[in-house]
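The residues making up each chain are set out below.
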Amino acid sequence: MENPAVTRFRQYLRIKTVQPKPDYESCTRFLLEQAKEIGLKSSVFEYVKGKPIVLLTWEGRDPSLPSILLNSHTDVVPVFEEKWSCNPFEACKLDNGDIVARGAQDMKCVGASYLEAIRCLKDQDQQPCRTIHLSYVPDEEIGGKDGMEHFIETNDFKKLNVGFALDEGIANPNDALRVFYGERGVWWINVITKGNTGHGSQFVKDTAISKLNRIINRFMEFRESQEQQLAIGMNTDGTKYHVGDVTTINLTMLKAGVQHNVIPEEATVGFDIRIPPTVDFTAFKNMIEGFVHSEPEIEFVQYNGAAYYTPLSENNIWWVVFRDFCKGRNIPIEPEIFPAGTDSRFLRGIGIPALGVSYIRNTPILLHDHDERINENLFLEGIEFYKDLIYQLANIQKS
Ligand SMILES: CSCC[C@H](NC=O)C(=O)O
Ligand SMILES: [Zn+2]
Ligand SMILES: [Zn+2]
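The name an unreviewed UniProt entry gives the protein is N-acyl-aliphatic-L-amino acid amidohydrolase, with Cetraspora pellucida as the organism. Turning to the protein, the UniProt annotation filed under Subcellular location (unreviewed entry) states: "Cytoplasm".

How do you make sense of empty space enclosed by the protein when you look at a structure like this?
Any empty space left between the atoms is revealed when a probe the size of a water molecule rolls over them. One pass over the full model with this rule turns up 4 cavities of 30 Å³ or more. Here the largest cavity is characterised by a volume of approximately 40 Å³. Lining the largest cavity, in full, are C109, V110, S113, Y359, I360, I374, L378, F379, G382 and Y386. Mapped by element, the contributors of at least two residues to the lining of the largest cavity are α3 (108-123) and α10 (376-393). Top contributing element to the lining of the largest cavity by residue count: α10, with 4 residues.

Could you clarify how one ought to interpret the side chain of R184 in this entry?
Mapped onto the elements, R184 comes out in the loop between β8 (177-183) and β9 (185-194). Of the buried charged residues, R184 lacks a salt bridge, with D272 as the closest side chain of opposite charge at 7.4 Å. Here the side chain of R184 touches V243 through a polar contact of 3.1 Å, landing on its backbone oxygen. Here V246 takes part through its backbone oxygen, which lies 2.7 Å from a polar atom of the side chain of R184.

I would appreciate a short explanation of the packing of aromatic side chains in the present structure.
Aromatic ring pairs are described here by two measures, namely the spacing of the ring centres and the angle between the planes. This model, assessed by the stated rule, comprises 23 aromatic pairs. Their ring planes at 85° and their centres at 6.2 Å tell us that Y181 and Y309 sit as a pair that is edge-to-face. Taken together, the residues span a long stretch of sequence, with Y181 in strand β8 and Y309 in the loop between β14 (297-302) and α8 (317-328) at a distance of 128 residues. Judged by its relative accessible area of 18%, Y181 falls in the buried class. On the basis of an interplanar angle of 85° and a centroid distance of 5.7 Å, the ring pair of W187 and F300 is categorised as edge-to-face. Within this pair, whereas W187 is found in strand β9, its partner F300 is found in strand β14, the two being separated by 113 residues in sequence. Judged by relative accessible area, F300 falls into the partly exposed class, the value being 27%. One aromatic cluster is present, formed by W187, F219, F222, F271, F281, F284, F291, F300 and Y303 through successive ring pairs.

Please clarify how the state of the cysteines should be interpreted in this entry.
By definition, a disulfide links the sulfur atoms of two cysteine residues through a covalent bond. The tally for this structure, following the rule as stated, stands at 1 disulfide. Shown here is the disulfide that connects C86 with C92, its sulfur atoms set 2.4 Å apart. Neither C86 nor C92 differs from the other in exposure class; each is buried. Left without a disulfide partner, C129 is nearest to the cysteine sulfur of C120, which lies 20 Å away. Lacking any disulfide linkage, C326 is separated from the closest cysteine sulfur, that of C109, by 16 Å.

Sorry if this is basic, but what is going on with the site of ligand 1 here?
In the region of ligand 1, the neighbouring residues are E140, E141, G143, V186, W188, R274, Q302, A340, G341, R345 and H368. Between ligand 1 and R274, the relevant distance is 2.8 Å, taken from an oxygen atom to a side-chain nitrogen or oxygen of the residue. Contact with the protein chains covers 89% of the free accessible surface of ligand 1, which is 330 Å². Looking at the shell around ligand 1 residue by residue, the classes come out as 3 nonpolar, 4 polar and 4 charged. Taken domain by domain, the makeup of the shell around ligand 1 includes at least three residues from each of domain 1 (4-183 + 307-393) and domain 2 (185-302).

Explanation requested: the coordination of the zinc ion (ligand 2) in the structure shown.
Note on metal sites: the ideal angle is 109.5 degrees for four tetrahedral donors, and 90 or 180 degrees for six octahedral donors. Looking at the metal site, the zinc ion (ligand 2) is ligated by H73 (NE2), D106 (OD), E168 (OE) and E168 (OE), spaced 1.9 to 2.7 Å from it. Coordination at the zinc ion (ligand 2) is irregular: its 4 donor atoms span angles of 53 to 149° at the metal. All donors of the zinc ion (ligand 2) come from a single chain, and their spacing in sequence reads H-x32-D-x61-E. Between the zinc ion (ligand 2) and the zinc ion (ligand 3), a spacing of 3.3 Å is present, and a bridge between the two is formed by D106. Remark: E168 occurs in the loop between β7 (162-167) and β8 and D106 occurs in the loop between β5 (98-100) and α3; sequence separation between them is 62 residues. Note on accessibility: D106 and E168 belong to one class, buried.

Criteria and thresholds
- Each chain has its residues counted from 1, running along the sequence as written.
- To label them, take the chains in the order written and letter them from A, then take the ligands in the order written and number them from 1.
- Residue-level local features of this predicted model are given only where pLDDT is at least 70; pairs of side-chain atoms are given and counted only at 80 or more, and the full residue set underlies all totals for whole chains, interfaces and linings.
- Hydrogens are left out, water is left out, and the side-chain values use all remaining heavy atoms of the structure.
- UniProt positions are given in the numbering used here, feature names are shortened, and annotations may be inferred rather than shown by experiment.
- Whether a set of points on the 1 Å grid over the protein atoms alone is a cavity depends on a 1.4 Å probe fitting there but being unable to get out, while an open set qualifies as a pocket with protein on both sides within 12 Å along at least five of seven lines; lining residues are those with an atom within 4 Å of a point.
- Grid points are joined across faces, edges and corners, and a volume is the space filled by probe spheres set on the points.
- We count a stretch as a helix when DSSP gives it H or I for four or more residues in a row; a strand needs E for two or more, and each element gets its number in order from the N terminus.
- For each residue, the accessible area found with a 1.4 Å probe, counting protein chains only, is set against the maximum for its type, and the residue is called buried under 20%, exposed over 50%, and partly exposed in between.
- Residues scored as positive are Lys and Arg, those scored as negative are Asp and Glu, and His as well as the terminal groups of each chain are ignored.
- Salt bridges, as used here, are contacts in which a Lys or Arg side-chain nitrogen is within 4 Å of a carboxyl oxygen on Asp or Glu.
- Within 3.5 Å is the distance limit for a polar contact, defined as a pair of N or O atoms, with the added protein rule that one can donate a hydrogen and the other accept it, and that residues adjacent in sequence qualify only through two side-chain atoms.
- Stacked, tilted and edge-to-face are the three classes applied to pairs of Phe, Tyr and Trp rings, where Trp contributes its six-membered ring and a pair requires centres within 6.5 Å; stacked means planes under 30 degrees apart, edge-to-face means over 60, and tilted covers the rest.
- The disulfide definition used here is simple: a pair of cysteine sulfur atoms within 2.5 Å.
- Working definition: residue near molecule or strand if any one of its non-hydrogen atoms lies within 4 Å of it.
- We get accessible surface area from the Shrake-Rupley algorithm with a probe of 1.4 Å; when it comes to residues, only the shown protein chains can shield them.
- Under the scheme applied here, ten amino acids are nonpolar (Ala, Val, Leu, Ile, Met, Phe, Trp, Tyr, Cys and Pro), four are charged (Asp, Glu, Lys and Arg), and all others, including Gly, are polar.
- Either an automatic procedure or a domain database provided the assignment from which the domain bounds are taken.
- As a rule, N, O and S atoms within 2.8 Å of a metal are its donors, except that Na, K and Ca use 3.2 Å; water is not among the atoms, so sites may look incomplete.
- A site with four donors is called tetrahedral when every donor-metal-donor angle falls between 85 and 135 degrees; four donors are called square planar, and six octahedral, when opposite donors sit more than 155 degrees apart and all other angles fall between 65 and 115; any other arrangement is irregular.

Here you go:
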């Protein structure tokens, strides 16, 4: 007999909340059913039509204390179905207990674990002193504009009086639990060059492409220096650099040309740049503007003026409780800067401390990849982990 928690998780995975047209309607229905079964209050905020934010609430013994927010996004990224060994939206279970599905790691396992953890605590009549909110938000995978970015601006959110949040992390092939206390700034830029045109058989000077080529080379040189930094760099505490500690630049878009024998008069290159919070963002902007020289245009498609992080210091009670909890359970932890973007950046941006943790250890990193999966035993272990962790966090008297 399958553990009912696993059955419910697989049901959640079968809902096709896949970008670019996620089925948020079925997802909302599922979450509201769960809330009803567990006995949680629920609200659905639909500030943008078709983009519901589902909020479930378990009131604490002292609702005047700042609350705990358990956040997860409901959308998942697209699949290349032919590359999967089974249908990514069937949530099939292999003989070894691996559940294969889009969202198994990113991040329906976390959203489902929160629900199961709260279900257990409620069954055991263990009402903590702080109120616990579970937010299920849309569109994280496409930037969160109509999801968390919008939500934090509303009165509905402000009324929640959130003191601390948990959100997603990443799997680890090793034993340690990765915990993310900050993330890199995301800059998506386009550089557009213009130049002389003419016949493709000539030596035309100052073409859009030759200018673009010089610019690309400068970006790529910087990229190489950062890759070297990653190989040799050390944090102040003596730990080796992770990818979140350096700046990555990837050329991800190129656009130019109309036909082979016509020199294009315009060319565009797109870069995905990720900048750690330790970097001076203004100085970095000046540097890349220098790469482009006098060329007219850098378009910022996505831009953060600064990146925030949650301090891992002794006077951050949330961190101390989290760290000591893991220590008590003999779970090694690895604090890191998240290499990509999550909804936590919006929370940290308004001063809410947040930690990103997905309980996925000894498992290959398969978020956004083919055959994304998690083992059912690990999922069940995660529920126990979240249950006790949430209980401790929600019983912190002072913060
Ligand atoms: C501009 S926000 C982008 C967020 C996205 N998050 C997950 O993959 C990412 O590319 O990191
Ligand atoms: Zn995610
Ligand atoms: Zn993702």
